[in-house]
Amino acid sequence: MAASGPAAAEGRDVDTGGDGFSARRVRMVEEGLRARGVSDERVLAAMATVPRERFVPADLTDVAYDDRPLPIGADQTISQPYVVALMLEAAEVRPGERVLEVGTGSGYAAAVLDELTDQVWTVERQAALAATALVTLRSTHHSGVHVRWGDGALGWAEAAPFDVIVVAAAGEQVPPRLVDQLADGGRLVMPVGRPDGPQELVVVRRSGPTTLEERLGPVQFVPMLPGLQDDGPVVDGAPDDPGSN
Ligand code: SAH
């Protein structure tokens, strides 16, 4: 694939094969994830595959593999690699399982999820981010991911139930509609807490009519934004009818 965009114009490597990024990606996985206790080989392999540099703004590709969140516009961030790994490890995604992500952001975590299963739906509240993520996902061979612009607290009813729901923005409680859309045996992973206060990563497991909650420890996420409207349907707003491919 030919390098393009501002980084290419400056002569830096932006391609995904045989370049400096591959080495950085391996280092991120070995030193930033495995050495810190992430042990799920499928998550490690997926994160060793997805070109994170493609999901950050062109002027930040040099720091794409630092273990920290980076700005992606619209006051939002791409989550730090370690936190993505923790969430996906806790979600225990198996091949073929149906996964909903709330908070597409750059599309990075959706791409990693797409490496774990080929059944991924992701909802983003901000139209500009949803549109950019869709383009990035398609150009990194993750075109099977369904992207929608809407309020993720409402889930994606037409595609439910989900075996896994991953929420990438913090809320004071788990949105009830998301629990409703969880399959029997399903897992929901979400940061719960106040935007400016302590937050904890929570896993909710559904077993028949009951749910079991487990707390995994402190995290810091951007807040979940209020819906476009309180009770309306999720709005398909990204280009090319992304829900249908
Ligand atoms: N998973 C992303 C990081 C997301 S940051 C990545 O890999 O890059 C959290 C995202 O959640 C932001 O993009 C924010 O706009 C989005 N968000 C916040 N509230 C939301 C809501 N109610 N519904 C859907 N997305 C929401």
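Right, let's walk through the structure included here. Please read all numbers here as calculations on a predicted model, not as lab measurements.

1. Topic: the site of the ligand
Surrounding the ligand, one finds 23 residues, the nearest of these being Gly-103, Gly-105, Ser-106, Arg-125 and Gly-152. For the shell around the ligand, the secondary-structure elements that each account for two or more residues are strand 2 (76–78), helix 5 (108–116) and strand 4 (120–124). Sorting elements by how many residues they give to the shell around the ligand places strand 2 first, with three residues. Its residues assigned to classes, the shell around the ligand comprises 12 nonpolar, eight polar and three charged.

2. Describing helix 6 (residues 127–139)
Its 13 residues place the ends of helix 6 19 Å apart at the C-alpha level, agreeing with the 18 Å of an ideal helix rising 1.5 Å per residue. Of the positions making up helix 6, those classed as buried are Leu-129, Ala-130, Thr-132, Ala-133, Leu-134, Thr-136 and Leu-137. The elements touched by buried residues of helix 6 are strand 1 (70–73), strand 2, helix 5, strand 4 and strand 5 (146–149). Backbone geometry just downstream of helix 6 places His-141 in the positive-phi region, at approximately 65°.

3. Some thoughts on the pairing of strand 6 (residues 162–167)
With six of six residues buried, strand 6 is to be regarded as a mostly interior element. The sheet contact formed by strand 3 (residues 99–102) and strand 6 spans four bridges and is parallel. Paired with Glu-101 across the bridge in strand 6 is Val-166. Where strand 6 meets strand 7 (residues 182–193), four bridges bridge the pair, whose relative direction is parallel. Bridging from a neighbouring strand, Phe-162 pairs with Leu-182 of strand 7.

Reading guide: rules and limits
Residues numbered from 1 in each chain as written. Predicted model: local features only at pLDDT ≥ 70, side-chain atom pairs only at ≥ 80, totals over all residues. Near = placed C-beta within 6 Å. Helix = DSSP H or I, 4+ residues; strand = E, 2+ residues; numbered from the N terminus. Nonpolar A, V, L, I, M, F, W, Y, C, P; charged D, E, K, R; others polar. Expected span 1.5 Å × (residues − 1). Buried ≥ 20, exposed ≤ 12 C-beta atoms within 10 Å, placed from the backbone. Contact = placed C-beta atoms within 7 Å. Pairing = 2+ DSSP bridges.

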